[in-house]
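Breakdown of the fold
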Amino acid sequence: MNLALEAAEEGIYIWDITQNIIHYTERCLSMMGYAPGEEAPNIFTQSDLVVFPEDRAFFKQEVRRFLENSSHIRPMRLEIRILNHTSNGAWMWVRVNGKAQFNKQGKPTSLVGVFVDITRRKSAEMRAQEERELFRVLINHIPNNIYVKNRSSRFVMANEATARKLNVPIPSDIIGKTDADFFDQKMCEISRREELEIMETGKSIIGRVQHETWQNGKETWGMVSKFPWFGRNGQLKGIVGISSDVTKLVLAEQEVKKTAQILKERNDTLEKEIDLAREIQLALLPYEIPNRSYQASNIQRKVTFNHIFTPSEGVAGDWFDVFPIGDTGTGVIICDVMGHGIRSALIASMLKGIMEQLFHISAHPEKVLHALNHQLTKILARTNITMFATAVYAYIDLQMKTITMASAGHPFPILLNHEGHGKQITLPKGMALGLLDNVPYKCAEFHLSAGDRFLLFTDGLTEATNSEGDELGVDRVIQALEHDQPKTTKELVFSTLKCTGKFTHCSALADDICLLGIRYDETSDDERASLQDIE
């Protein structure tokens, strides 16, 4: 039974209301951040110590209402946030279920129930709601008409541009209507035929210039694209349409060839803009990373780099950079913006721009992360959207033979030392960027030995899963590197990628992966001369 409850992420509580004594199982205590046997607050009588401030009034009211009604048949089910007091003030979502016992006078004597951890579900719901709101804002600000029809060609969704075109006050006034409510019979028949064809064949209509005839006799032209709309299970649900008004263009250019040429030019311009956006995304990453060297007496100290960048979509939220600092220093940063895709790529672009303004403090990792966090927090505060980014920043000083690192919620780097032993470096913990302003960051300094190799990576590496849902993890990566003993930075990153592919048995990635390899070497003048003689 205990194993079943643990697997279900549930904990049991028993509240003796008469004596005001509450008992928690270990799982309940764990959710609140207490060790087994440790005394924890009574969530019902000391909710101010446990329940999230915005949920307290609701929680107290609903518990009181439940206990005051002895005729309850259904159990109490409340979803609230509680404090885990050992995790830096972190809040987690739980569902508090309960069943009460009452005495003959109808007074509650005890409440028995469970805590259910629903944090992941709630997080997913909030992310989904945020994505829906972002999507709605996007389509309502796009000047093109966007709409969705069901299999009967009735509107089920439309944006504000479509409402303006059909001369209705708000988009919801269109829902349930068909083209017959706005256009004449001939056009409705044409539109219905082509939509039936799309749903039967699955073939889309792209950029067709369509003559539109309205019920009031008005004539317009639109450039229309229509696509089949499939549900999650692959079942056809209708069509999606996108159109823009090209009436002025068609009227101004009656000749078909001239009209087609103008439309082609507009499409070419759009494609160029898309290509430019893709190039900007790729420009965030250095194409080649030059080696850095420093001559100390008769010893040349050298640091080399190599990287692999594998986005899960066309654009990614991962980003890294390597740049010289003075004559003997090098700055290295790797960053992972929450999620992936266009939104994450935009935040990565912002961080790239901010980073370029911080050269004056680039030799101080803790100051760099503090400045990045300050700027990103200000930007995100204006958007009212919760996002964050993790990062590790490193400063390599060849003169001092040191590497200094600081982390902002990012996975710690892996070190494969000159003896071939691997481990994950421990850095001071720092909060992810963009969540809270003016938080402190600390750094750690390490001495460099010839042959040391460092692997900086984003969590897409260690969170890569196999068919059983197991994550790759850091330990498997370290074991693979110790086995392969890669000498060069190129071998280091490709050995890591090979380990990922072997573990997942597939090429498709659920998240972006960015790998950055660093190797430190020392070569005497005599050794270099010998190598030159051999060559």
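Everything below is about the structure shown above.
First, a word on what this report is: a plain description of the structure on this page. (Residues numbered from 1 in each chain as written. Predicted model: local features only at pLDDT ≥ 70, side-chain atom pairs only at ≥ 80, totals over all residues. Heavy atoms only, no water.)

1. Regarding the nonpolar core
With 30 residues, the main nonpolar core has Leu 351, Met 355, Leu 358, Leu 369, Leu 372, Tyr 393 and Leu 433 as its most contacted residues. Elements with a minimum of two residues in this core: strand E13 (318-325), strand E14 (329-337), helix H9 (342-355), helix H10 (365-383), strand E15 (389-397) and strand E16 (402-408). Ignoring any residue separated from it by four or fewer positions in sequence, one finds Leu 372 in contact with Ile 333, Leu 351, Ile 354, Met 355, Leu 358 and Leu 433. Membership of the second largest hydrophobic core comes to 29 residues, among which are Ile 22, Ala 40, Leu 67 and Leu 111. (Core = buried A, V, L, I, M, F, W, Y, C linked by side-chain atoms within 4.5 Å. Buried < 20%, exposed > 50% of the residue type's maximum accessible area, 1.4 Å probe, protein only. Helix = DSSP H or I, 4+ residues; strand = E, 2+ residues; numbered from the N terminus. Contact = heavy atoms within 4.5 Å.)

2. Details of a nonpolar patch on the surface
Together, Met 431, Leu 435 and Leu 436 make up a nonpolar patch on the protein surface, roughly 260 Å² of accessible area in all. Inspection of the secondary structure puts Leu 435 in the loop between strand E18 (422-424) and strand E19 (443-447). (Patch = residues over 30% accessible without salt bridge, like charges linked within 9 Å, V, L, I, M, F, W, Y side chains within 5 Å. Areas by Shrake-Rupley, 256 points an atom, 1.4 Å probe, with all protein chains shown as cover. Salt bridge = Lys/Arg side-chain N within 4 Å of Asp/Glu carboxyl O.)

3. Some remarks on the packing of helix H12 (residues 473-484) against helix H13 (residues 489-504)
Contact geometry of H12 with H13 gives a least axis separation of 10 Å together with a crossing angle of 125°. Relative to H13, H12 is oriented oblique. Judged by the twist between their axes, the crossing of H12 over H13 is right-handed. Contact residues: H12 offers Arg 476, Val 477, Ala 480, Leu 481 and Asp 484, while H13 offers Leu 492, Ser 495, Thr 496, Lys 498, Cys 499 and Phe 503. (Axes fitted to C-alpha atoms, helices over the stretch in contact; angles between N-to-C directions. Parallel < 35°, antiparallel > 145°, perpendicular 65-115°, else oblique. Left-handed = near helix turned anticlockwise from the far one by under 90°.)

4. With respect to the sheet that holds strand E21 (residues 513-524)
The strand order across the open sheet formed by 6 strands is E11-E12-E21-E20-E17-E18, and the pairing between neighbours is antiparallel. Each end of this open sheet is capped by a strand with a single partner; those strands are strand E11 (292-296) and E18. Within this sheet the neighbouring strands show an average axis-to-axis angle of 15°, counted without direction. When strand E17 (residues 414-416) meets strand E20 (residues 453-457), the two strands line up antiparallel, connected through 3 bridges. The residue bridging Ile 414 from the neighbouring strand is Leu 455, located in E20. Against the sheet, H12 makes contact with E17, E18 and E20, and its axis sits at roughly 20° relative to E17, the strand it touches most. The strands touched by H13 are strand E12 (299-310), E20 and E21; relative to E21, the strand with the most contacts, the crossing angle is about 145°. (Pairing = 2+ DSSP bridges.)

5. Quick notes on the side chain of Ser 524
With respect to the helices and strands, the residue Ser 524 is situated in strand E21. Dropping the residues within four chain positions of it, Ser 524 is found in contact with Asn 298 and Ile 299.

6. A word on the packing of aromatic side chains
A full pass over the atoms with the stated rule returns 9 aromatic pairs. Arranged with centres 4.9 Å apart and planes meeting at 5°, the rings of Trp 15 and Phe 44 form a pair that is stacked. With a gap of 29 residues between them, Trp 15 in strand E1 (residues 10-16) and Phe 44 in the loop between helix H2 (26-32) and helix H3 (53-67) connect regions that are remote in the sequence. A relative accessible area of 7% means that Trp 15 is categorised as buried. (Phe/Tyr/Trp six-rings, centres within 6.5 Å; stacked < 30°, edge-to-face > 60°.)

7. What to know about the sheet that holds E19
Spatial strand order, E13-E14-E15-E16-E19: 5 strands in an open sheet with antiparallel pairing. The strands lining the two open edges of the sheet, one partner per strand, are E13 and E19. Each adjacent strand pair in this sheet contributes to an overall mean axis angle of 15°, direction not counted. Here H10 sits on the sheet in contact with E14, E15, E16 and E19, set at roughly 25° to E16.

8. A look at the side chain of His 410
By the secondary structure assignment, His 410 is in the loop between E16 and E17. Residue classification places His 410 among the buried residues on the basis of a relative accessible area of 4%. Filtering out sequence-adjacent residues up to four positions away, His 410 remains in contact with Ile 334, Cys 335, Asp 336, Thr 390, Ala 391, Val 392, Phe 457 and Thr 458.

9. As for the pattern of salt bridges
For the coordinates displayed, the defined rule picks out 20 salt bridges. Of the charged contacts in the structure, one is a salt bridge between Lys 165 and Glu 212, with a shortest N-O distance of 2.8 Å. Pair noted here: Lys 165 is in helix H5 (residues 160-165) and Glu 212 is in strand E8 (residues 205-213), with a separation of 47 residues, a long-range link. One network of salt bridges, in which partners are shared, links Lys 149, Asp 179, Glu 194, Glu 195, Arg 208 and Lys 226.

10. Looking at the environment of Lys 203
Looking at the element boundaries, Lys 203 is found in the loop between helix H6 (185-201) and E8. Classification of Lys 203 by relative accessible area gives exposed; the value is 62%.

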